[in-house]
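Topology and contacts: notes
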Amino acid sequence: MLRLGVNIDHVATVRNARGGAYPDPVRAAKLAQEAGADGITAHLREDRRHIMDADIDGLMEELTIPLNFEMAATDEMQAIALRHKPHAVCIVPEKREEKTTEGGLEVAREENRLAHFIAPLRDAGCRVSIFIAADRPQIEAAHRIGAQVIELHTGAYCDFHAEGRFDERDEELKRLAEMAKFAHSLGLEVHAGHGLTYETVQPIAALPEVIELNIGHFLMGESLFVGMEDAIKEMRRLMDEARAT
Ligand code: PXP
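Residues numbered from 1 in each chain as written. Predicted model: local features only at pLDDT ≥ 70, side-chain atom pairs only at ≥ 80, totals over all residues. Heavy atoms only, no water.

Let us now look at the site of the ligand. Around the ligand, 13 residues are found, and the nearest of them are Glu 70, Glu 151, Gly 195, Gly 216 and His 217. Here Glu 151 contributes a side-chain N or O atom positioned 2.5 Å from a nitrogen atom of the ligand. Contact between the ligand and Gly 216: an oxygen atom at 2.7 Å from a main-chain N or O atom of the residue. About the coverage of the ligand: the protein hides 95% of its 390 Å² of free accessible area. When each cavity is represented as a set of grid points, the ligand is found to reside in the largest pocket. (Near = heavy atom within 4 Å. Polar contact = N/O pair within 3.5 Å; in protein donor to acceptor, adjacent residues only side chain to side chain. Areas by Shrake-Rupley, 256 points an atom, 1.4 Å probe, with all protein chains shown as cover. 1 Å grid on protein atoms, 1.4 Å probe; cavity = no way out; pocket = protein on both sides within 12 Å on 5 of 7 lines; lining within 4 Å. Sits in = over half its atoms within 2 Å of the grid points.)

Quick look at the structure:
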């Protein structure tokens, strides 16, 4: 079965626009869980622009589905992850000035440091996932450092689609398909995500090696119009439909 991880970062973005406690990302996560999410993803950024430390405390206390804790490879985040021991940690690149996680992690150039960085997380029982572009050397490096999971960055594929650059979109999709196969052949579990919408999800959901999609921004936006439950159910329906064919 293809799992759906719902990213609730942008519930916190709306909350933080005014400060205070509303809307509560933990409440959103529980609603997502009831609507059929298989896991919840939350990215604690260094600048705490959306998710904050107390949100991670709340998610760890109240969720009964797995938490995928997204974080940069810093000592501060490692200590937080080791304190909570979430089901999974997803290591992502992070730049202060970016609006969102723009690219995949540069694993090949930082292999040694990352191998040492993820070892204690694995030892603590977390599944370690590395967010990377569909690029063979990065996948090989993720495998060598001992990650159990890679998450393929679908942002470029989604951007090409949104810009009507369909030839480039199809090339990127082909690359994603090939690299999902390649990663799977190395024994890595393959996830995918970033920028996915109702329009772009199906070709990714149809890749047989991909077993989890992490989707946030579009789902939270759609929830404003139809409610979170219906938005998640429609995404699930599209994923299942693509998988079945
Ligand atoms: N996966 C990873 C590793 C991410 O960093 C993000 C964005 O935080 C997502 C998935 C979800 O992307 P989006 O919010 O565009 O659906």
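What follows is about the layout of surface pockets. By volume, the largest pocket is sized at about 740 Å³. Surrounding the largest pocket, 35 residues form its lining, His 10, Thr 100, His 194, Gly 195 and His 217 being those nearest its centre. Among the secondary structure elements, those contributing two or more residues to the lining of the largest pocket are helix H1 (9-18), strand E6 (149-153), helix H7 (155-162), strand E8 (210-215) and helix H10 (217-226). Among the elements that take part in the lining of the largest pocket, H7 stands out by supplying six residues, more than any other. For the lining of the largest pocket, the per-class residue count stands at nine nonpolar, 18 polar and eight charged. The space that makes up the second largest pocket amounts to roughly 400 Å³. For the second largest pocket, the lining is made up of 16 residues, of which His 10, Val 11, Val 14, Pro 23 and Leu 224 are closest to its centre. Broken down by element, the lining of the second largest pocket gets its largest block of residues, five residues, from H10. Split into classes, the residues belonging to the lining of the second largest pocket amount to nine nonpolar, five polar and two charged. (Points joined across faces, edges and corners; volume = space filled by probe spheres on them. Helix = DSSP H or I, 4+ residues; strand = E, 2+ residues; numbered from the N terminus. Nonpolar A, V, L, I, M, F, W, Y, C, P; charged D, E, K, R; others polar.)

Let us look at empty space enclosed by the protein. In this structure the tally under the stated criterion is one cavity of 30 Å³ or more. Roughly 170 Å³ of volume is contained in the largest cavity. Around the largest cavity, the lining is made up of 19 residues, and of these Arg 3, Asn 68, His 87, Ala 88 and Glu 212 lie nearest the centre. Grouping the amino acids of the lining of the largest cavity by side-chain chemistry returns six nonpolar, eight polar and five charged.

The terminal C-alpha atoms of helix H11 (residues 228-244), which comprises 17 residues, lie 24 Å apart, in line with the 24 Å expected from a rise of 1.5 Å per residue. Those residues of H11 that sit buried are Met 228, Ala 231, Ile 232, Met 235, Arg 236, Leu 238, Met 239 and Ala 242. Projected onto a plane normal to the axis of H11, the buried residues spread over an arc of 160° and lie on a single side. The elements touched by buried residues of H11 are strand E1 (3-7), helix H2 (25-35), helix H9 (201-205), E8 and H10. (Expected span 1.5 Å × (residues − 1). Buried < 20%, exposed > 50% of the residue type's maximum accessible area, 1.4 Å probe, protein only. Arc of directions from axis to C-beta. Contact = heavy atoms within 4.5 Å.)

With that settled, the discussion passes to the packing of H2 against helix H3 (residues 53-62). Running from N to C, H2 and H3 cross one another at 35°; their axes reach a closest spacing of 9 Å. In terms of crossing hand, the pair formed by H2 and H3 is right-handed. Where H2 approaches H3, its residues Pro 25, Val 26, Ala 29 and Lys 30 are matched on the opposing element by Asp 55, Gly 58, Leu 59 and Glu 62. Partitioning the contact of H2 with H3 into residue classes produces four nonpolar, one polar and three charged. (Axes fitted to C-alpha atoms, helices over the stretch in contact; angles between N-to-C directions. Left-handed = near helix turned anticlockwise from the far one by under 90°.)

The next subject is the packing of helix H6 (residues 136-144) against helix H8 (residues 166-185). Remark: H6 packs on H8, axes separated minimally by 10 Å, with the N-to-C direction vectors making an angle of 25°. Classified by the angle between their axes, H6 and H8 sit roughly parallel to one another. The handedness of the crossing between H6 and H8 comes out as right-handed. Residues Arg 136, Ile 139 and Glu 140 of H6 lie in contact with H8, whose contacting residues are Met 179, Phe 182 and Ala 183. The class makeup of the residues in the contact of H6 with H8 is four nonpolar, no polar and two charged. (Parallel < 35°, antiparallel > 145°, perpendicular 65-115°, else oblique.)

Without other data, these values stay purely geometric and don't point to any function.
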